Amino acid sequence: MDTIFRDYSNVSDAVKENYLLARTNQTVEFVDKMVKKYSTFDKKIKIWDILDSLNTLIDVSDPDMSLPNIEHAYQTAEKIRQDGHPDWMQLVGLIHDMGKIMYLKGTDETGTGKKKQWAMVGDTFIVGCKLPDTLIFPEYNKYHLDKDNPLYNTELGIYKEGCGLDNVKCSWGHDEYLYRILMDSRNSNTLPEEALYIIRFHSLYAYHDKKSYNKFMSEKDKQMINYLTLFNQYDLYSKSDICIDKNQVRLYYNRLIEKYFKNSYLYI
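A short tour of the structure in this document, coming up. In this numbering scheme, every chain counts its residues from 1 along its sequence in written order. Since the coordinates come from a predicted model, pLDDT governs what is reported: local features require at least 70, and pairs of side-chain atoms require 80 or more to be given and counted, while whole-chain, interface and lining totals use all residues. The side-chain figures draw on all heavy atoms in the structure; neither hydrogens nor water molecules are used.

Our focus in this paragraph is the overall build of the protein chain. Only DSSP runs of H or I covering at least 4 residues are called helices, and only runs of E covering at least 2 are called strands; the numbering of each starts at the N terminus. From N to C terminus, the protein chain includes 10 helices and 4 strands. Start at the N end of the protein chain and walk to the C end: the helices and strands fall as α-α-β-α-α-α-β-β-α-α-α-α-α-β. The quantity called the radius of gyration is restricted to C-alpha atoms. Its globule counterpart is 2.2 Å times the number of residues to the power 0.38. Here the C-alpha atoms of the protein chain give a radius of gyration of 18 Å, agreeing with the 18 Å that 2.2 N^0.38 yields for 268 residues. In terms of its C-alpha atoms, the protein chain occupies a principal-axis envelope of roughly 55 × 45 × 35 Å.

The following block contains the structure:
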């Protein structure tokens with residue numbers, strides 16, 4: 001029998017709570033505060049130390065896995081590698097969830113800690129406009145604190161049609177955080193634009209899976225969406241409770257890190 005992924009019909013109370021708190025509290029004001037807080041990049045840490053730290057983190061929003069996040073990172077990367085995709089995409093498979101390192105600077109109160117993760121993990125959505133009913137647990141939309149603001153509760157909200165996803169604000173999470181880390185001048189890398197796009201939007205399922213935000217797409221988005229949907233197949237369908245022997249593959253991925261990153265560390 002095939003495994004069914006992203007089945008939220010019988011999930012734990014912790015998963016439900018994570019989505020309820022995110023849908024309620026992820027407002028335009030909250031996102032702006034998180035962007036400001038996490039844009040200092042004042043902590044230096046080795047890339048492998050970030051990845052290894054994910055050994056201690058279990059994503060409370062994920063209905064498909066109960067293993068530490070590092071296992072999912074290796075599974076995604078290895079499946080992409082097995083299918084012969086470019087090495088930059090393999091590397092993205094390994095690092096795409098590294099933004100969850102924000103828990104080192106986060107708090108449970110703001111949903112960025114180890115216990116409360118509602119501003120770190122789970123599906124993201126665009127703030128500043130009406131929430132689509134294609135989101136997981138659409139019944140939670142009614143609790144969104146921006147829902148009665150006339151600036152934010154229309155289909156386009158504060159945006160213009162065709163403005164491009166680069167110009168919208170997504171609910172805060174590990175995608176946006178890692179994207180901003182990699183865009184900082186102190187974290188020099190040669191990852192292609194496609195890689196950065198995948199990193200930034202891979203949790204925006206309402207966009208790349210449900211097509212709810214097509215009205216915001218620019219020409220760039222129309223060119224990039226296929227990379228995002230391709231990557232999503234590996235992010236999702238590589239999940240397994242069978243662990244990969246990391247000692248066998250670490251040297252290979254270390255070469256990719258050395259190829260695409262100027263330094264062995266990042267400022268986070």
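Between helix H4 (residues 69-82) and helix H5 (residues 87-95), whose axes approach to 7 Å, the crossing angle comes to 165 degrees. One element, H4, and the other, H5, form an angle in the roughly antiparallel class. You can see that H4 and H5 cross each other, and the crossing is right-handed. Taking contact as the criterion, the partners of Ala 73, Tyr 74, Thr 76, Ala 77, Ile 80 and Arg 81 in H4 are, on H5, Met 89, Gln 90, Gly 93 and Leu 94. For this scheme, ten residues count as nonpolar: Ala, Val, Leu, Ile, Met, Phe, Trp, Tyr, Cys and Pro. Four count as charged, namely Asp, Glu, Lys and Arg, and the remainder, Gly too, count as polar. A per-class count over the contact of H4 with H5 returns 6 nonpolar, 3 polar and 1 charged. Every axis in this analysis is a line fitted to C-alpha atoms, fitted for helices over the stretch in contact. Angles between the N-to-C directions lie between 0 and 180 degrees. Working definition: roughly parallel below 35 degrees, roughly antiparallel above 145 degrees, roughly perpendicular at 65 to 115 degrees, and oblique for all remaining angles. In a left-handed crossing the near helix is turned counterclockwise from the far helix by less than a right angle, and in a right-handed crossing that turn is clockwise. Two residues qualify as a contact provided that any one of their heavy atoms is within 4.5 Å of a heavy atom in the partner residue.

A few words now on the layout of surface pockets. Both site types are read off a 1 Å grid over the protein atoms alone. A 1.4 Å probe that fits but cannot get out defines a cavity, while an open set with protein on both sides within 12 Å along at least five of seven lines defines a pocket; lining residues have an atom within 4 Å of a point. Grid points are joined across faces, edges and corners, and a volume is the space filled by probe spheres set on the points. Size it by volume and the second largest pocket reaches roughly 150 Å³. Around the second largest pocket sit Cys 129, Lys 130, Leu 131, Pro 132, Asp 133, Glu 155, Ser 212, Tyr 213 and Lys 215, which together line it. Per-class residue counts for the lining of the second largest pocket are 4 nonpolar, 1 polar and 4 charged.

Turning next to the nonpolar core. Counting residues in each nonpolar core, the largest one holds 78 residues, and the members touching the most others are Leu 94, Tyr 213 and Phe 261. Not counting residues up to four positions away in its chain, the partners in contact with Leu 94 are Trp 48, Leu 51, Ala 73, Tyr 74, Ala 77 and Tyr 253. For our purposes a nonpolar core is just a set of buried Ala, Val, Leu, Ile, Met, Phe, Trp, Tyr and Cys residues, chained together by side-chain atoms within 4.5 Å. Only protein chains enter the area calculation, which uses a 1.4 Å probe; residues under 20% of their type maximum are buried, those over 50% are exposed, and those in between are partly exposed. Listed in part, the 7 residues of the second largest apolar core include Val 11, Tyr 19, Ile 136 and Tyr 140.

Here we come to the environment of Glu 258. Within the fold, Glu 258 resides in helix H10 (residues 246-260). Judged by relative accessible area, Glu 258 falls into the exposed class, the value being 56%. The sequence separation of Glu 258 and Asn 189 amounts to 69 residues, and the corresponding C-alpha distance is 9.6 Å.

Here the focus is empty space enclosed by the protein. Going through the model one piece at a time under the given rule, you end up with 3 cavities of 30 Å³ or more. Roughly 70 Å³ of volume is contained in the second largest cavity. What lines the second largest cavity is a set of 18 residues, among which Trp 118, Val 121, Gly 122, Asp 123 and Thr 124 lie closest to the centre. Only helix H1 (13-25) and helix H6 (174-183) provide two or more residues apiece to the lining of the second largest cavity. Tallying contributions element by element places H1 first for the lining of the second largest cavity, with 3 residues.

Quick look at unusual backbone geometry now. A positive phi is found at Phe 41, a non-glycine position, where the angle reads about 45 degrees. Assignment of secondary structure puts Phe 41 in the loop between helix H2 (28-37) and strand E1 (44-46). One non-glycine residue, Lys 211, lies in positive phi territory at about 60 degrees. Within the element layout of this structure, Lys 211 appears in the loop between helix H8 (205-208) and helix H9 (219-237). On the basis of relative accessible area, Lys 211 is assigned to the partly exposed category, the value being 42%.

Note that all results are geometric; they support no functional claim without further evidence.
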